[in-house]
Structure formats: C-alpha cells, structure tokens
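Chain and residue survey
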Amino acid sequence: MPLEDCNISKEPDGVFNEEYCKWCYSDGEYTYHNMDDLIDYCAGHMASDDFTSEQIREYMNETLPKLNYWKHYACLGGKERFDEFKRKIIDEFNDLHIEGLPKVESLDSRAGISVNFEYRLPGGKTAKFLDDNATYLVHRLECEFGGDRRFGLVAGMDFLLVCTYGENGANPELVIYKKR
C-alpha cells in the first residue's frame with residue numbers, strides 16, 4: 001500500500017515503521033491476526049469513487065502476503081497451519097517448566113524491535129539476540145511469585161527465548177535461549 005506520512009505506523013518509541021500503515025501496526029503491535037479480517041476492514045473503509053471495495057480486496061489479497069508479518073501464513077501453509085504452529089510453540093514453552101512462569105495460553109505476533117532487549121552477558125558485555133525487522137511470536141506474563149518482574153517469551157521458527165524484566169523493559173535477564 002502506498003503510504004503517506006500521516007498513515008505510516010510507529011514503534012513504541014515513536015520511530016516510524018514504513019513497512020506498515022498505522023491501521024495494521026501501532027505502537028509495536030499488529031492490530032490484525034487474521035488476514036481475511038483485515039481485508040474485510042480495508043475493503044469496507046478504503047472504498048471510494050476512485051477504487052471499489054472489490055478493487056481494494058483484490059489489491060490487498062495481492063499485497064498483504066508479501067509483507068513480513070503475513071509471510072508466516074505463507075511459509076506454514078495458511079491460517080490453520082499457522083495456528084497449529086503457535087499451539088506447538090505454546091506447548092514447548094509450557095514443557096520448559098520454568099519456576100514462577102504461569103501456564104502459557106496464547107501468543108501474539110510482534111516486531112522484533114519491540115521485544116529485542118539488550119542482555120548483560122558474563123564478563124559484562126551486552127548483546128541482543130533478535131532481528132529488529134523480523135516478526136516473532138511473543139507473550140508477556142506476570143511472575144507467579146509477584147514482585148515487579150515479568151516474563152517475556154519470544155519464539156522464532158528455530159528458537160525459544162525466555163527472559164525476565166522490570167517495568168518498561170528495565171534490567172532484562174535472559175532465562176533461557178533454546179534452539180528448537
């Protein structure tokens with residue numbers, strides 16, 4: 001979709017994300033998790049004297065699968081396979097049996113830039129493990145023991161990452177990074 005400045009999405013820190021419009025992606029969150037729902041919304045709201053809802057629908061069906069977020073569906077074989085993949089990842093997180101981590105029930109898709117914390121390694125150096133421009137399956141959960149720490153879960157096609165962090169992502173600590 002050709003984007004004008006007023007329609008470009010933003011990351012939580014206010015940086016523009018020129019890959020998506022503000023209706024698809026806002027403050028580090030994808031607003032739609034079902035391509036058909038997004039196409040229905042756009043066809044109903046973008047139709048004008050210049051473009052019919054059918055032209056919008058055709059354009060969106062052609063364009064959306066090319067965007068990084070929606071490539072998950074294509075590489076996994078559609079929505080049903082994507083949902084099956086998410087269920088498998090949820091099971092893998094729960095099978096880790098990490099003390100204080102509540103049962104994982106769901107995962108959402110988010111851009112790497114919103115979950116790519118910088119972790120302190122032994123020896124004092126810091127490192128990031130994710131690609132800011134990639135899309136991951138994620139979830140945030142309160143620790144079962146209370147306190148001000150949260151668990152952050154991130155999964156890619158070939159890894160699971162579990163971390164804890166304080167308010168607004170402060171002081172992240174890597175709990176586990178595991179190849180799948």
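Up top is the structure these notes are about.
So, here is what we can say about the structure in this document. From a predicted model like this one, the values you see are computed outputs, not experimental measurements.

Before going further, it helps to spend a moment on the overall build of the protein chain. Helices and strands together make up the secondary structure of the protein chain, namely four helices and eleven strands. Dimensions of the protein chain, computed from the C-alpha atoms along their principal axes, are close to 60 × 35 × 25 Å. By the burial criterion, 42% of the 180 residues in the protein chain qualify as buried. Considering only contacts within the protein chain whose residues lie at least 6 apart along the sequence, 43% involve residues at least 24 apart. For the protein chain, the exposed area adds up to about 10,600 Å²; of that, 48% sits on carbon and sulfur atoms.

Leaving glycine aside, a negative phi is the common case for residues, and trans is the common case for peptide bonds. Of note, His97 is a non-glycine position whose phi angle comes to about 50°, a positive value. Relative to the helices and strands, His97 resides in the loop between α4 (79-94) and β5 (108-111). Here the phi dihedral of Asn168 falls at roughly 55°; this positive angle occurs in a residue that is not glycine. When its relative accessible area of 78% is taken as the criterion, Asn168 is described as exposed.

Okay, helix α1 (residues 35-46) next. A rise of 1.5 Å per residue sets the reference length of α1, with its twelve residues, at 16 Å; its end C-alpha atoms lie 16 Å apart and thus fit the reference within 8%. Looking only at α1, the buried set comprises Met35, Leu38, Ile39, Cys42 and Ala43. Relative to the axis of α1, the buried residues are bounded by an arc of 130° and lie together on one face. For α1, the exposed residues lying more than 90 degrees away from the buried face are Asp36, Gly44 and His45.

We now examine the environment of Tyr59. On the secondary structure map, Tyr59 appears in helix α2 (residues 53-63). Each C-alpha atom of the pair Tyr59 and Ala43 lies 9.6 Å from the other, and the pair is 16 residues apart in sequence.

What follows concerns the packing of aromatic side chains. In this description, a pair of aromatic rings is defined by centroid distance and the angle of the planes. Applying the stated criterion across every chain yields a total of six aromatic pairs. Seen from their ring centres, Phe117 and Tyr165 are 5.2 Å apart, and the 50° between their planes marks the pair as tilted. Pair noted here: Phe117 is in the loop between β5 and β6 (119-120) and Tyr165 is in strand β10 (residues 159-165), with a separation of 48 residues, a long-range link. For the pair Phe117 and Tyr165, one class covers both residues: buried. Considering the side-chain rings of Tyr136 and Phe159, the 5.8 Å spacing of their centres and the 65° angle between planes classify their relative orientation as edge-to-face. Residue Tyr136 is located in strand β8 (residues 135-142), and its partner Phe159 is located in strand β10; the two are separated by 23 residues in the primary sequence. The same class applies to Tyr136 as to Phe159, namely buried. Of the aromatic side chains, those joined through ring pairs into one cluster are Phe117, Tyr119, Phe129, Tyr136, Phe159, Tyr165 and Tyr177.

Procedures and definitions
The residue numbering used here restarts from 1 in each chain and proceeds along that chain's sequence as written. Reporting in this predicted model follows two pLDDT cut-offs: at least 70 for local features of residues, and 80 or more for side-chain atom pairs to be given and counted; totals over whole chains, interfaces and linings ignore these cut-offs and use all residues. Note that water and hydrogens are dropped before the side-chain values are worked out from all heavy atoms of the structure. Here a strand is any run of E in DSSP of at least two residues, a helix any run of H or I of at least four, and the numbering for each starts at the N terminus. The buried label goes to any residue with under 20% of its type's maximum accessible area, the exposed label to any with over 50%, and the partly exposed label to all in between, with areas taken from a 1.4 Å probe on protein chains only. When checking whether two residues touch, look at their non-hydrogen atoms; a contact exists if any pair is within 4.5 Å. Areas reported as accessible are Shrake-Rupley estimates using a 1.4 Å probe. Residue values count occlusion only from the protein chains shown. By this rule the span expected of a helix is its residue count minus one, scaled by 1.5 Å. The directions considered for the arc are those from the helix axis to the C-beta atoms. Any pair of Phe, Tyr and Trp rings, taking the six-membered ring for Trp, is counted once the centres come within 6.5 Å. Such a pair is stacked with planes under 30 degrees apart, edge-to-face with planes over 60 apart, and tilted for the rest.

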